[in-house]
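A structural walkthrough
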Amino acid sequence: MQFLPNTEILVCQIPDEPFDILEKAARQGIEEKKSLGDPQYASIRQEYSMPIPVLFQSWLQFVIDDMYELHKERYGIFNGNKEMLEIAKMWVNVMEKGDQHFPHMHEHAFYSFAAYIEVNDDDAPFYFIKDNRGSRIEINKESERHLLLFPSALIHTVYPKESEGQRISVSGNVILNLKS
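This one's a predicted model, so the numbers in the text were calculated from it and none came from an experiment.

1. Notes on the overall build of the protein
Along the protein, the regular secondary structure elements total two helices and eleven strands. In sequence order, the protein lays out its α and β elements as β-β-α-β-α-β-β-β-β-β-β-β-β. The C-alpha radius of gyration computed for the protein amounts to 16 Å, which stays within 12% of the reference 16 Å derived for 180 residues, consistent with globular compactness. Expressed along its principal axes, the backbone C-alpha trace of the protein runs to roughly 50 × 40 × 30 Å. By residue count, 45% of the 180 residues in the protein fall in the buried class.

2. Quick look at the sheet that holds strand β5 (residues 101-104)
As summarised here, the arrangement of the four strands in space is β5-β10-β7-β8, forming an open sheet in which the pairing is antiparallel. Of all strands in the sheet, those with a lone pairing partner are β5 and β8 (133-137), marking the two edges. Put simply, the sheet's adjacent strands are angled 15° from each other on average, direction ignored. In terms of strand pairing, β5 meets strand β10 (residues 155-158) through two bridges, oriented antiparallel. Bridging from a neighbouring strand, histidine 104 pairs with histidine 156 of β10.

3. Some details on the packing of helix α1 (residues 16-32) against helix α2 (residues 54-67)
Helix-helix packing is described using two parameters, namely the angle between the two axes and the distance between the axes. In the contact formed by α1 and α2, the axes pass within 8 Å of each other and the chain directions differ by 130°. In this view, α1 runs oblique relative to α2, as classed from their interaxial angle. Considering how the two elements wind past one another, α1 and α2 form a crossing that is left-handed. Taking contact as the criterion, the partners of Glu17, Pro18, Ile21 and Leu22 in α1 are, on α2, Leu55, Phe56 and Trp59. The residue makeup of the contact of α1 with α2, split by class, is six nonpolar, no polar and one charged.

Calculation notes
Residues numbered from 1 in each chain as written. Predicted model: local features only at pLDDT ≥ 70, side-chain atom pairs only at ≥ 80, totals over all residues. Heavy atoms only, no water. Helix = DSSP H or I, 4+ residues; strand = E, 2+ residues; numbered from the N terminus. Rg over C-alpha atoms; globule rule 2.2 N^0.38 Å. Buried < 20%, exposed > 50% of the residue type's maximum accessible area, 1.4 Å probe, protein only. Pairing = 2+ DSSP bridges. Axes fitted to C-alpha atoms, helices over the stretch in contact; angles between N-to-C directions. Parallel < 35°, antiparallel > 145°, perpendicular 65-115°, else oblique. Left-handed = near helix turned anticlockwise from the far one by under 90°. Contact = heavy atoms within 4.5 Å. Nonpolar A, V, L, I, M, F, W, Y, C, P; charged D, E, K, R; others polar.

Written out as C-alpha cells, the structure reads:
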C-alpha cells in the first residue's frame, strides 16, 4: 500500500480472497443489470448496482482505518473505530471504446474507491483534480487486482476510453455510520 506522491490517493493490491469475492459480485451485477438511477450526465452507459461482499468490506475497513485520518479524533470524530466504516453503495462499471466518466465527486461519503477487475493495456486514465492541479493515473493491465482509495470530496474523472475491449471496474462509497 502506498500513497501516490503529493496526493491523498492510496493505491493497494487487493488480496486474493477479497478480490475473488469482489469479482464474483461484480459479474453478478453485470448479469443482473440493475440501474443505479444516476442522471445520464453523471453515469457511463453500463453502470450497475451490485451486492456488497462482506469480506471485501472488512478488508477495506482495515485498510482505511490503517492509512487515513479523516474519520478519527484528529478531525473531530471521537470514539470512531473501523467497524463504523461501511460501504454505503457499490456498483460495477463496464467501459467500452468511446466511453468516459465526466468530472464529479461523491457527496455524502467519507471515502470512495475504484477497484480494477479487468483492464486492457493503455486503457483510459483516471484523473484527480485538487486546487486547480491534476493527478493523472495511468490504467493498464498491471492495474488489475488493484484499488484506488481517496477522500470522496476529491473531484475525479475517467478520460475517454480509446482502446478496444472492455474495462470492468468496481466503485463505491464508504460512510461513517455513527449509529453502529
